[in-house]
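Each chain, letter by letter, is given below.
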Amino acid sequence: MPEKENTVKSRLHHGSNSLDLTIPSEIVKSWEINPGDVFRLVVTGEGDNLVLQYERVYSTKG
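Residues numbered from 1 in each chain as written. Predicted model: local features only at pLDDT ≥ 70, side-chain atom pairs only at ≥ 80, totals over all residues. Heavy atoms only, no water.

## Section: the side chain of Asp37
With respect to the element layout, Asp37 can be found in the loop between helix H1 (25-30) and strand S3 (38-46). Assessed through its relative accessible area of 11%, Asp37 is described here as buried. Polar side-chain contacts of Asp37 include one of 3.0 Å to the backbone nitrogen of Asn34. A distance of 2.7 Å separates a polar side-chain atom of Asp37 from the backbone nitrogen of Thr60. In this structure, Asp37 is in contact with Glu32, Arg56, Tyr58, Ser59 and Thr60, ignoring residues within four places of it in sequence. (Helix = DSSP H or I, 4+ residues; strand = E, 2+ residues; numbered from the N terminus. Buried < 20%, exposed > 50% of the residue type's maximum accessible area, 1.4 Å probe, protein only. Polar contact = N/O pair within 3.5 Å; in protein donor to acceptor, adjacent residues only side chain to side chain. Contact = heavy atoms within 4.5 Å.)

Next comes the structure, spelled out in structure tokens:
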């Protein structure tokens, strides 16, 4: 599948020091992402360039 580009904004996660990134609804629908799905996060970067790569490792049935 070709790469899809979206812009998302980080938001405070209530009650913690974590931040949330929202998955856009069209991606949620087209990839059938459900609450409870588990993702592995790989962080890479060089200089000021940060790459966050998420890989779904467990899918719940919605």
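## Observations concerning the pattern of salt bridges
Within this structure, the stated rule accounts for 2 salt bridges. The closest approach of N and O atoms between Asp37 and Arg56, which form a salt bridge, is 3.0 Å. Highlighted residues: Asp37 in the loop between H1 and S3 and Arg56 in strand S4 (residues 49-58), separated in sequence by 19 residues. On the basis of relative accessibility, which here comes to 29%, the residue Arg56 falls in the partly exposed class. Note that Arg40 is salt-bridged to Glu55, the shortest N-O span being 2.8 Å. One end of the pair, Arg40, is in strand S3; the other, Glu55, is in strand S4, with 15 residues separating them in the sequence. Looking at Arg40, the relative accessible area reads 44%, which means it is partly exposed. (Salt bridge = Lys/Arg side-chain N within 4 Å of Asp/Glu carboxyl O.)

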